[in-house]
Every structure is written in structure tokens, then in C-alpha cells.
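Architecture at a glance
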2 protein chains.
Amino acid sequence: LDEEAIRAAQARLDSLTKPPGSLGKLEAAARQAAGVTGEAMPELSRKAVIVMAGDHGVCEEGVSAFPPEVTAQMVLNFLHGGAAVNVLARHAGADVVCVDVGVNADLSHPRLVARKIRRGTGNIARGPAMSRDEAIAAIRVGCDVVAELAAAGTRVFATGEMGIGNTTPSAAILIALGGLTPEQAVGRGTGIDDARLLHKRGVVERALAVNAVDPRDPLDALAKLGGLEIAGLVGVILGAAAHRALVVVDGFISSAAALVASRLVPACAPYMLASHLSLEQGHGSMLEAIGLSPMIHMDMRLGEGTGAVLAFHFLDAAVRLMGEMATFESAGVSQQ
Amino acid sequence: LDEEAIRAAQARLDSLTKPPGSLGKLEAAARQAAGVTGEAMPELSRKAVIVMAGDHGVCEEGVSAFPPEVTAQMVLNFLHGGAAVNVLARHAGADVVCVDVGVNADLSHPRLVARKIRRGTGNIARGPAMSRDEAIAAIRVGCDVVAELAAAGTRVFATGEMGIGNTTPSAAILIALGGLTPEQAVGRGTGIDDARLLHKRGVVERALAVNAVDPRDPLDALAKLGGLEIAGLVGVILGAAAHRALVVVDGFISSAAALVASRLVPACAPYMLASHLSLEQGHGSMLEAIGLSPMIHMDMRLGEGTGAVLAFHFLDAAVRLMGEMATFESAGVSQQ
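Residues numbered from 1 in each chain as written. Chains lettered and ligands numbered in written order. Predicted model: local features only at pLDDT ≥ 70, side-chain atom pairs only at ≥ 80, totals over all residues. Heavy atoms only, no water.

Here we look at the nonpolar core
Core analysis: the biggest nonpolar cluster contains 259 residues, and Leu26 and Met272 of chain A together with Leu26 and Met272 of chain B have the highest contact counts within it. Setting aside chain neighbours within four positions, we find Leu26 of chain B in contact with Met298, Met300 and Leu310 of chain A together with Phe314, Ala317, Ala318 and Leu321 of chain B. Val58, Ile124, Ala125 and Ala129 of chain B belong to the second largest nonpolar core, which has 7 residues in total. (Core = buried A, V, L, I, M, F, W, Y, C linked by side-chain atoms within 4.5 Å. Buried < 20%, exposed > 50% of the residue type's maximum accessible area, 1.4 Å probe, protein only. Contact = heavy atoms within 4.5 Å.)

Some details on the relation of the copies chain A and chain B
For the pair chain A and chain B, the superposition axis carries a translation of 0.0 Å, the fit reaches an RMSD of 0.0 Å, and the rotation angle comes to 180°. Both copies of the chain, as the preceding transformation shows, are related through a two-fold rotation axis. No C-alpha of chain A approaches the rotation axis more nearly than that of Ile296 of chain A, which lies at 2.4 Å. Interface residue correspondence from chain A to chain B reaches 100%, placing this contact among same-surface, isologous pairings. (Least-squares fit on C-alpha atoms with pLDDT ≥ 70 in both.)

With respect to the pairing of strand β4 (residues 156-162) of chain B
Residue and element names in this part refer to chain B. Burial within β4 is extensive, with 7 of its 7 residues counted as buried. Relative to β4, strand β1 (residues 47-54) runs parallel, the two sharing 7 bridges. Paired with Ala48 across the bridge in β4 is Phe157. Taken together, the 3 bridges between β4 and strand β5 (residues 246-249) define a ladder with parallel strand orientation. (Helix = DSSP H or I, 4+ residues; strand = E, 2+ residues; numbered from the N terminus. Pairing = 2+ DSSP bridges.)

Brief notes about the packing of helix α6 (residues 167-178) of chain B against helix α9 (residues 218-225) of chain B
All names here are of chain B. Here α6 crosses α9 at 150°, and the two axes come no closer than 10 Å. One element, α6, and the other, α9, form an angle in the roughly antiparallel class. The two elements α6 and α9 meet at a crossing, and its hand is right-handed. Seen from α6, the contacting residues are Pro169, Ala172, Ile173, Ala176 and Leu177; seen from α9, they are Pro218, Ala221 and Leu225. Class assignment for the residues of the contact of α6 with α9 results in 8 nonpolar, no polar and no charged. (Axes fitted to C-alpha atoms, helices over the stretch in contact; angles between N-to-C directions. Parallel < 35°, antiparallel > 145°, perpendicular 65-115°, else oblique. Left-handed = near helix turned anticlockwise from the far one by under 90°. Nonpolar A, V, L, I, M, F, W, Y, C, P; charged D, E, K, R; others polar.)

What to know about the UniProt feature "active site" (unreviewed entry) in chain A
Residue and element names in this part refer to chain A. With numbering aligned to this structure, UniProt lists the feature "active site" (unreviewed entry) at Glu304. Positionally, Glu304 belongs in the loop between α12 (283-290) and α13 (306-324). Looking at Glu304, its side chain comes within polar contact range of the main-chain nitrogen of Val85, at 3.1 Å. (UniProt positions renumbered as here; feature names shortened; annotations may be inferred. Polar contact = N/O pair within 3.5 Å; in protein donor to acceptor, adjacent residues only side chain to side chain.)

Quick word on the interface of chain A and chain B
Across the contact, 54 residues belong to chain A and 54 residues belong to chain B. Of the roughly 4,600 Å² buried where chain A meets chain B, counting both sides, 64% is carbon and sulfur surface. Applying the counting criterion to the chain A and chain B interface returns 2 salt bridges. With its nearest N and O atoms 3.0 Å apart, the salt bridge here joins Arg90 of chain A to Glu324 of chain B. Our count for the contact surface shared by chain A and chain B stands at 21 residue pairs in polar contact (both at pLDDT 80 or more). Elements with a contribution of two residues or more to the side of chain A that touches chain B: α2 (25-37), α3 (70-79), α4 (84-92), α13 and α14 (328-331) of chain A. The element contributing the most residues to the side of chain A that touches chain B is α13 of chain A, with 8 residues. Classifying every residue of the side of chain A that touches chain B gives 28 nonpolar, 16 polar and 10 charged. (Buried area = accessible area lost by both parts, 1.4 Å probe. Salt bridge = Lys/Arg side-chain N within 4 Å of Asp/Glu carboxyl O.)

Side note on the sheet that holds strand β6 (residues 272-274) of chain A
Residues and elements named next belong to chain A. Within the open sheet, the 6 strands sit side by side as β3-β2-β1-β4-β5-β6. Their pairing is parallel. The open sheet is flanked by β3 (113-114) and β6, the only strands paired with a single partner. Strands in contact with helix α11 (residues 252-264) are β4 (156-162), β5 (246-249) and β6; relative to β4, the strand with the most contacts, it is inclined by about 120°.

Description of the pairing of strand β1 (residues 47-54) of chain A
Residue and element names in this part refer to chain A. Counting buried residues in β1 gives 8 out of 8 residues, a clear majority hidden from the surface. The alternating pattern of β1 places Lys47, Val49, Val51 and Ala53 on one face and Ala48, Ile50, Met52 and Gly54 on the opposite face, and all of these are buried. The sheet contact formed by β1 and strand β2 (residues 94-102) spans 8 bridges and is parallel. In the strand pairing of β2, Met52 is matched with Val99.

Here's the deal with the sheet that holds β1 of chain B
Strand order in this open sheet of 6 strands is β3-β2-β1-β4-β5-β6 (chain B), and the pairing throughout is parallel. The sheet is open, and its two edges are formed by β3 (113-114) and β6 (272-274) of chain B, each paired on a single side.

Notes on unusual backbone geometry
All names here are of chain B. If you check the backbone angles, Arg244 has positive phi at about 55° while not being a glycine. Among the structural elements, Arg244 can be located in the loop between α10 (228-242) and β5. The exposure class assigned to Arg244 is partly exposed, which follows from its relative accessible area of 39%.

Focus on the pattern of salt bridges
Residues and elements named next belong to chain A. On inspection of all chains with the given rule, the structure shows 34 salt bridges over all chains. The residue Lys224 makes a salt bridge to Asp220 at a minimum N-O spacing of 3.1 Å. Taken as a pair, Lys224 and Asp220 lie in helix α9 (residues 218-225) at a separation of 4 residues, close to a single helical turn. On the accessibility criterion, Asp220 (11% relative accessible area) is buried. It is possible to trace a salt-bridge network through shared partners that takes in Glu60, Glu61, Arg126 and Arg206.

Let's talk about the side chain of Thr167 of chain A
Residue and element names in this part refer to chain A. Topologically, Thr167 is positioned in helix α6 (residues 167-178). What makes Thr167 buried here is its relative accessible area of 13%. In this structure the side chain of Thr167 is engaged in a polar contact, spanning 2.6 Å, whose partner is the side chain of Lys200. Leave out the neighbours within four places in its chain, and Thr167 touches Gly189, Lys200, Phe252, Ile253 and Glu280.

As for the environment of Met298 of chain B
Inspection of the secondary structure assignment puts Met298 of chain B in the loop between α12 (283-290) and α13 (306-324). Expressed as a C-alpha distance, the spacing of Met298 of chain B and Leu219 of chain B, which sit 79 residues apart in the sequence, is 32 Å. For Met298 of chain B, the contacting residues outside a window of four places in its chain are Leu23, Gly24, Lys25, Leu26, Met295 and Phe314 of chain A.

What about the side chain of Thr327 of chain B?
With respect to the secondary-structure elements, Thr327 of chain B resides in the loop between α13 and α14 (328-331). With residues up to four places along the chain from it excluded, the contact list for Thr327 of chain B reads Arg12, Ser15, Leu16 and Thr17 of chain B.

Section: the packing of helix α5 (residues 132-151) of chain A against helix α10 (residues 228-242) of chain A
All names here are of chain A. Between α5 and α10, the least distance of the axes is 6 Å, while the angle of their chain directions is 45°. Considering the angle they form, α5 stands oblique to α10. Classified by chirality, the crossing of α10 by α5 is right-handed. Seen from α5, the contacting residues are Ala135, Ala138, Ile139, Gly142, Cys143 and Val146; seen from α10, they are Leu228, Ala231, Gly232, Val234, Gly235, Val236, Leu238, Gly239 and Ala240. Broken down by class, the residue content of the contact of α5 with α10 amounts to 11 nonpolar, 4 polar and no charged.

Things to note about α13 of chain A
With 19 residues, α13 of chain A ought to run about 27 Å at 1.5 Å a step, and its terminal C-alpha atoms sit 28 Å apart, in line with that. Of all 19 residues making up α13 of chain A, 15 are buried, and the element is well covered by its neighbours. (Expected span 1.5 Å × (residues − 1).)

Structure representation (C-alpha cells):
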């Protein structure tokens, strides 16, 4: 990060009519945005949430409350602007970019970024989700999408995803890389009952037993435990860091991608900003493992990038405070 | 609250393309707004933060990091649009209404609501902050301001305040009405050091010893421990409830007003929405005592209504989700 820009941002923050540090994480976001962009007063107006979509072979084990065809149905909903993330992105002045990186259906739409690597992952309870090469290809999709958007002027990114069943691979990744137990890491996803939760935990345990993951090899965990959309989001995060752009991390599944990215390339961590604390159990531990602290506690558990897009309001707020607040001098206010 | 409007809002929420309940507190806010306004799809576009300003005689005990003249200086800053709350209110599309209910200075400005009850409170370490009649008069100011704004079309209110020294009476109120100890309730305010914190705790203990407050009489606690701006905010909360409007509660000082209001008129509690968890120690316990759960964890400790105004983005988001999201039927998405 650009230390000089951070110092300049801090000096500006301390000149404004408020007790030093009293705006908390808004001030931290202003400093981080300065360090990431190299601009003491960063311009962040063009924002996009990238929604990566993929299907999961593990759905045949009955881990989700929803049938797998909902992934493709929701992709169409994103493209028609009717999903929660579309509404919240409009509200925050952000674009929604939907990417098919692994949906198990033939999809075609003028606004869809069609970069399917394969039609869903393999069933991780029986074998690997994908090959190492496929994981790398999916990461590349995320990098490419960010590169195109950055070239067109996007300055801030948010991670979003759609994939029925994807809390299962996310929990498996958290256990493999974060060292949690299945009891700690496996939660209710879109809303399964106690019996299904126990079953899901067993499925995750089988996935970890079948796929002997090397915990020092984050790419191994990503390929074997999977999620094509999770791999795509790893690429979004790495791409954002490469383009000196902030990337706002959404909930449990996005954070699994953030965990993989931070283990692959630790230098990408300072480019991430946590948005919300999901109701999905294990999310708090996942964020801690990455070193992130969430701003929003809304008990949300929807994914899609909905929590990350809410945090865009706060990033804009931080930038506006830097530019519009009076200084102690200009307002004639006494200091401590 | 209007139970029929709440049921209609819930039915609408459950028809939208998301797992039931997965938008957490956004859904709760939509239900609450429906119940408060009696409209299943409430219209909340006109919003205002009411910044009550008053001075504190207890400042002569040296409890604050800032000199008391900052209260009047900041009122001018609010009126000129340069304070943090002004910037954040513009960002959220809300009006800032600044009320002099007890500033220890002669203030005059076309946009100032001049309703001074007295020039600052008495020093609570030596006697009462104000008389019972003065407390009632200050409450009436808040009610009047809300009534005027509601008549002009404001549908949502936020509480804000300015008053150097006002975490001291707020902590005293929390101890008197919430049953906390001084160790739990007294914090660093705008940023005092360890020595000053110990001193401040002693001042609060003296205030509680000198003013024998009846814990079953919230008006007694308000008058004796004071804060003219806190009394004004009690009026804002009661006024909002009377006008069937939501009122978003800011941080520690605003929550002291909310605690008094909820003890005076328990029926006003369902009209309140907590915004953020302040870094000021004791705020979490204060919100729990009222039965509120904060949405935003930004480590802020500025007051002015800054946290409450940030929450306006989420209220608008809740309303837009209700109006703009596709339903399972309209989008052709399979249900559980």
C-alpha cells in the first residue's frame, strides 16, 4: 500500500471537526482506500459487484434446502434485475456483473459473462470438485472480469455468488485451511433443519476424508473441495489487488474465497474490506482467520453480494467525509 | 403497531426470491416500518436527523477532552453544513435540523430552531441538572419539532446531539435507570486518558450521591442528572411514536434518551430502531436494557446522529427490496 497516501489521508482526517479517530471504521476505510489507490482523496464512484455462479455436484447428497436448478433460475433473475443484489446495487449506485463460471445449464443472455469452465463441480463426498487446472482456469476468469471492468473505470469491487449447495464446500475449505472442526464450520445455509444439518456435517466430513487436502496448499483445497464460483472469486480478489482496487468481501462463501486468496497471496489481504457478519455459523471465525472485522451485523444469510453492496454506502460516506467536512480551522472550532 | 400491515409486509417478504428470513434485520426493518406507519409498503423518503444541542454545568469538573465553548462552535458548524452529520445526512438524502435547547451562548441563525430552556444545566456533581418543569419543557421542545416536521412530510426521524460533557450525564442515567455500576457505565467520551477516566467516574459517583434519584421515576433521573439535549431527544422519540413515525436511535447519549423514553412510555419502544454500537463502553448494555440490537459496528464514538444517519441507507434498502424484488412466481424460481 502507498504509505505516503495513507499519511496524507490521516493528516486530512485529523484536521476535520471531530475528535481524532471518532469515526472509527469510516476513517479506517478512508485510510485503506488511500493506501490501495495511492490517492489521499480517492475517487471511488464507479463500483461493481461481480456475481460468480456455479453448480455443485455435492447437491446430490441432499445438503441444501433448495433444488439445484435454482442456480440457473437465479442467474436469469440477476440478468433481469429482480434479485436482492440487483435492488441493493441500484440503491448503492453499483453495477451488477453476472458471470457463468460453472452453471449446470445452457445459459445465454446479452448481459451474461459466459465463461463456463465446466457444468458444475464433481460431488466432493466422492472425489475432487475439479482438477487443479480447472481451478486455475476459474481463477483466471475472475482476474479477466476485473481487468475488463477496471479498464472501463471501475474503482471498487464487491464479491457476490450464486450456487445452490455452496455453503458445503465453503465450510470444507474453512475446516481444511482454517483448522476449525465440522461442528464449528458447518451451518444451516439457506435454512436446513436440525436433521439435515447433521447430515450435511457428515457429508463435509466425508468430503475431507475422501479428498486428502494438503492444508499448506490452498490451491489443492480449492480444487478438491471446490466451488467454481469460489475459485472465480479468488480471481476477483487477486485481480482487484493487482489493479490497486479495493475489494469488499460479502458473506460466508465469499469469505471462503478470501481465505483461499489470502493464503495463496498474503499480500492481497490489505486490499480486502469485510462488509457484514453473516448469520451462517463459522463466518466470524473465517473473517478472523483472514484478519478482517465486519462493519455490518444484520443477521443476513443470502449471499449474492448483498452484504458487500450495503457496505458500498459506507465507502462512499468515508470519501465524502474526507472531501466535504469542515476543518477545525475553517469552522473556527477549538481543539483539545 | 398495525398487525395487519405487519402481516401483509411479511407475506410480501416471503414471496420474494430469497430464502425466507435471509435478509435478517432488513426484513425486520421492513416489518417494523409497516407496523409503525400502517402501510404494508411504507413510503419513507423524507427523513430528518434532529440534532439537539445543550451545555453541561458538570464540565467545570473537567470531565471532557474538549472545552465547553465547542458546543456553540459546533452548532454553527451544523448550520453551515460542515460537520460529519451534515455530510452523512446529505449522503443519505436526509435533512439536518439543529435545535438550541440549552446552549450556554447567544446563538442566532435563520436555520437554527431556537428553543433554549436555559443556558446549560447545573453542575450535577453539586446539585440537580435542571428542575422537573425544565425537563418537561425540554421534552416538549422535541415533541414540537417532530410535530412540525411530520406536518411538512417527514416520515422517519433520527436522534442526534451536541453537548460537550454529555457522556457524563448519560452514564449517570444508565447507572440510575439501568442498574449498571460506574465501572461499567463510564467511558472515555471524546477521548480522555486513564487518569481523567478515573476522575470522571468519581464525578459520576458524586452526582449520583448528591442527587438522590428515584429509579422508578425516569423523569426524576432526567431532571436531576440531566442533559437538556437528552430531554429534548426524549421528546423527539415520544413525538415520533405519537406521529406513527420510526425513530432511529444514534449512540450512547441518544440511547440514554431512549432509555428514559422507554421507561416513561414503554409503548414507544416499538417505534425505535437501533443504528450503531458505539465504542463508548456501556452502550451495548444500554441498548440491551431498552431491548434494541444495533445493525452497524463501526467503532464510532462521535455522536451528532452520525451512526443513525448511516442506518437510513438500510431503511431505504428495506423499502426498495419490498418494492423492486422479483417474486418466486414472476421470476420462475423454484421454492424449497
